[in-house]
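# What the coordinates show
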Amino acid sequence: MSQQDIYTMQDPTTEFYHDKFAKQPQTPPGIQSKMQPIPDCGEKTYKGSNKLTGRKALVTGGDSGIGRAAAIAYAKEGADVAINYLPEEQSDAEEVAEVIKSLGRKAILIPGDLSEEAFNKKLVEEARTGLGGLDILALVAGKQQHVEDILKLSTEQIRKTFEINVFSLFWTIKAALPHLPKGSTIITTSSNQNYLPDGFLLDYASTKAAIIAFSRALAKQIAHKGIRVNIVAPGPIWTPLQICGGQPQDVICDFGVTTPIGRAGQPVELSSLYVFLASQESSYITAEVFGVTGGMHCG
Ligand code: NAD
Ligand code: MG
């Protein structure tokens, strides 16, 4: 992974890794540190500029990929951060905690399964207590498992995908809302699969469409409380989700090459958007969807 200055003007088609990827199956949820190349989540590349000083963020899926990039950027911008992930991902989560603590910010690690309603309440409670409040919810965790044939798509998978990707948004936000001060921000994570669904992602693509409707409706419902809700819709980003069955292993080698930019995105390329939407700079923006897709535009 290149560790160049991402703030210098340069050709985006050759910025970051743009060669073929090796097939590299892992069992979900996967460990980012075992990936080749290791995704760039801004550990060395992202620079903060005090956009979130004193803020308190909960990031789900914060151990790896896009959630890790958001968590690291939030800490670099001056926020204290709690991250949620699955227990199997402890080693990735500890790396993130190390980066956050090295910046002098608080890092709270809260492993647990978002498909269990009771855990969502516990998660919010622990994050709130550990951080001494909460004013940013970046809900990034997600499940994606490709299945070619609807006849082979189990009810268990459909249910889990909806519980993790959609139900957990209801559960976490219900638990957090009574405690969020005015100015708080909520960011959910959809996908360009909402607009351009692959035939092998029926359940996943459906949840990503549901996330947009949910987030827009919620934005309208709670704007009067001074709380904004926006949606990030990534295109193909190099993360564990994709090599752990999110895509058929055969397409991993050329992951991202069919985008106009011609390569997969790196998680750090979403960092500044998650920061912008969390920060006061986006004060008049709510109920909006933002694509980061390499040109596979969202709608
Ligand atoms: P990732 O594998 O790094 O992150 C997904 C995270 O979801 C995991 O780290 C895991 O901690 C969490 N998770 C999964 N099941 C969970 C459960 N039951 N309980 C708690 N946490 C659970 O991959 P990523 O690509 O960074 O994914 C982040 C988000 O981005 C997801 O919502 C995904 O749908 C979305 N997205 C990714 C891409 C892409 O190409 N990578 C494209 C569009 C959307
Ligand atoms: Mg992970």
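Our structure's up above, just so we're on the same page.
All values derive from a computational prediction rather than experimental measurement. (Residues numbered from 1 in each chain as written. Chains lettered and ligands numbered in written order. Predicted model: local features only at pLDDT ≥ 70, side-chain atom pairs only at ≥ 80, totals over all residues. Heavy atoms only, no water.)

### A closer look at the side chain of Thr 188
- Position of Thr 188 among the secondary structure elements: in strand S5 (residues 185-189).
- Owing to a relative accessible area of 0%, Thr 188 belongs among the buried residues under this scheme.
- Reaching out from Thr 188, the side chain makes a polar contact with the side chain of Ser 215 at a distance of 2.7 Å.
- When residues no more than four places from it in sequence are discounted, the contact partners of Thr 188 are Leu 139, Leu 169, Ile 211, Ser 215, Asn 230, Ile 231 and Val 232. (Helix = DSSP H or I, 4+ residues; strand = E, 2+ residues; numbered from the N terminus. Buried < 20%, exposed > 50% of the residue type's maximum accessible area, 1.4 Å probe, protein only. Polar contact = N/O pair within 3.5 Å; in protein donor to acceptor, adjacent residues only side chain to side chain. Contact = heavy atoms within 4.5 Å.)

### Section: the packing of helix H4 (residues 155-176) against helix H5 (residues 202-222)
- At a minimum axis distance of 9 Å, the contact between H4 and H5 shows a crossing angle of 15 degrees. Taken together, the axes of H4 and H5 lie roughly parallel to each other. Of the two elements, H4 crosses H5, and the hand of that crossing is right-handed. Contacts from Gln 157, Ile 158, Thr 161, Phe 162, Asn 165, Val 166, Leu 169, Phe 170 and Ile 173 in H4 reach Asp 203, Tyr 204, Ser 206, Thr 207, Lys 208, Ala 210, Ile 211, Phe 214 and Leu 218 in H5.
- Residue composition of the contact of H4 with H5, grouped by class: 11 nonpolar, 5 polar and 2 charged. (Axes fitted to C-alpha atoms, helices over the stretch in contact; angles between N-to-C directions. Parallel < 35°, antiparallel > 145°, perpendicular 65-115°, else oblique. Left-handed = near helix turned anticlockwise from the far one by under 90°. Nonpolar A, V, L, I, M, F, W, Y, C, P; charged D, E, K, R; others polar.)

### Observations regarding the nonpolar core
- One finds Val 59, Tyr 74, Val 81, Ile 83, Val 232 and Tyr 274 to be the most contacted residues of the largest nonpolar core, which totals 39 residues.
- Breaking this core down by element, the ones donating at least two residues are strand S1 (56-60), helix H1 (65-76), strand S2 (80-85), helix H2 (90-102), strand S4 (136-139) and helix H7 (271-278).
- Aside from chain neighbours lying at most four places away, what touches Val 59 is Gly 67, Ala 70, Ala 71, Tyr 74, Val 81, Ala 82, Ile 83, Asn 84, Ala 138 and Val 140.
- Counting residues in each nonpolar core, the second largest holds 29 residues, with Leu 123, Leu 139, Ala 176 and Leu 177 among its members. (Core = buried A, V, L, I, M, F, W, Y, C linked by side-chain atoms within 4.5 Å.)

### A short note on the packing of helix H3 (residues 117-131) against H4
- Running from N to C, H3 and H4 cross one another at 40 degrees; their axes reach a closest spacing of 8 Å. Taken as axis vectors, H3 and H4 run oblique relative to one another. The element H3 and its partner H4 pack so that their crossing is right-handed. Of H4, the residues touching H3 (which contributes Glu 117, Asn 120, Lys 121, Leu 123 and Val 124) are Ser 168, Trp 171, Thr 172, Ala 175 and Ala 176.
- Of the residues belonging to the contact of H3 with H4, the class tally is 5 nonpolar, 3 polar and 2 charged.

### Brief notes about the coordination of the magnesium ion (ligand 2)
- Protein coordination at the magnesium ion (ligand 2): the donors are Asp 63 (OD), Ser 64 (OG) and Glu 89 (OE), at 2.1 Å from the metal.
- Each donor residue of the magnesium ion (ligand 2) lies on the same chain, and together they follow the pattern D-S-x24-E. Of the two residues, Asp 63 sits in the loop between S1 and H1 while Glu 89 sits in the loop between S2 and H2, which places them 26 residues apart along the sequence. For the residue pair Asp 63 and Glu 89, the accessibility class agrees, reading buried in each case. (Donors = N, O, S within 2.8 Å, 3.2 Å for Na, K, Ca; no water.)

### Quick notes on H1
- Its 12 residues place the ends of H1 17 Å apart at the C-alpha level, agreeing with the 16 Å of an ideal helix rising 1.5 Å per residue.
- Judged by how many residues are buried, H1 sits mostly within the fold: 12 of 12 residues are covered.
- Taken as a whole, H1 has its buried residues at Gly 65, Ile 66, Gly 67, Arg 68, Ala 69, Ala 70, Ala 71, Ile 72, Ala 73, Tyr 74, Ala 75 and Lys 76.
- Where H1 ends, the next residue or the one after it, Gly 78, has phi of about 105 degrees, a positive value. (Expected span 1.5 Å × (residues − 1).)

### Points about the pairing of S5
- With respect to burial, S5 is a largely interior element, 5 of its 5 residues being buried.
- The alternating pattern of S5 places Thr 185, Ile 187 and Thr 189 and Ile 186 and Thr 188 on opposite faces, both of which are buried.
- In this structure, S4 lies alongside S5, joined through 4 bridges in parallel fashion. Note on S5: the bridge partner recorded for Leu 139 is Thr 188.
- For the crossover from S4 across H4 to S5, the handedness is right-handed.
- Alignment of S5 against strand S6 (residues 228-234), held across 5 bridges, turns out to be parallel. Across the sheet, Ile 187 pairs through a bridge with Asn 230, a residue of S6.
- Handedness of the crossover is the feature at issue here: the chain leaves S5, passes through H5, returns alongside S6, and the resulting connection is right-handed. (Pairing = 2+ DSSP bridges. Right-handed = clockwise from strand over helix to strand, strands pointing away.)

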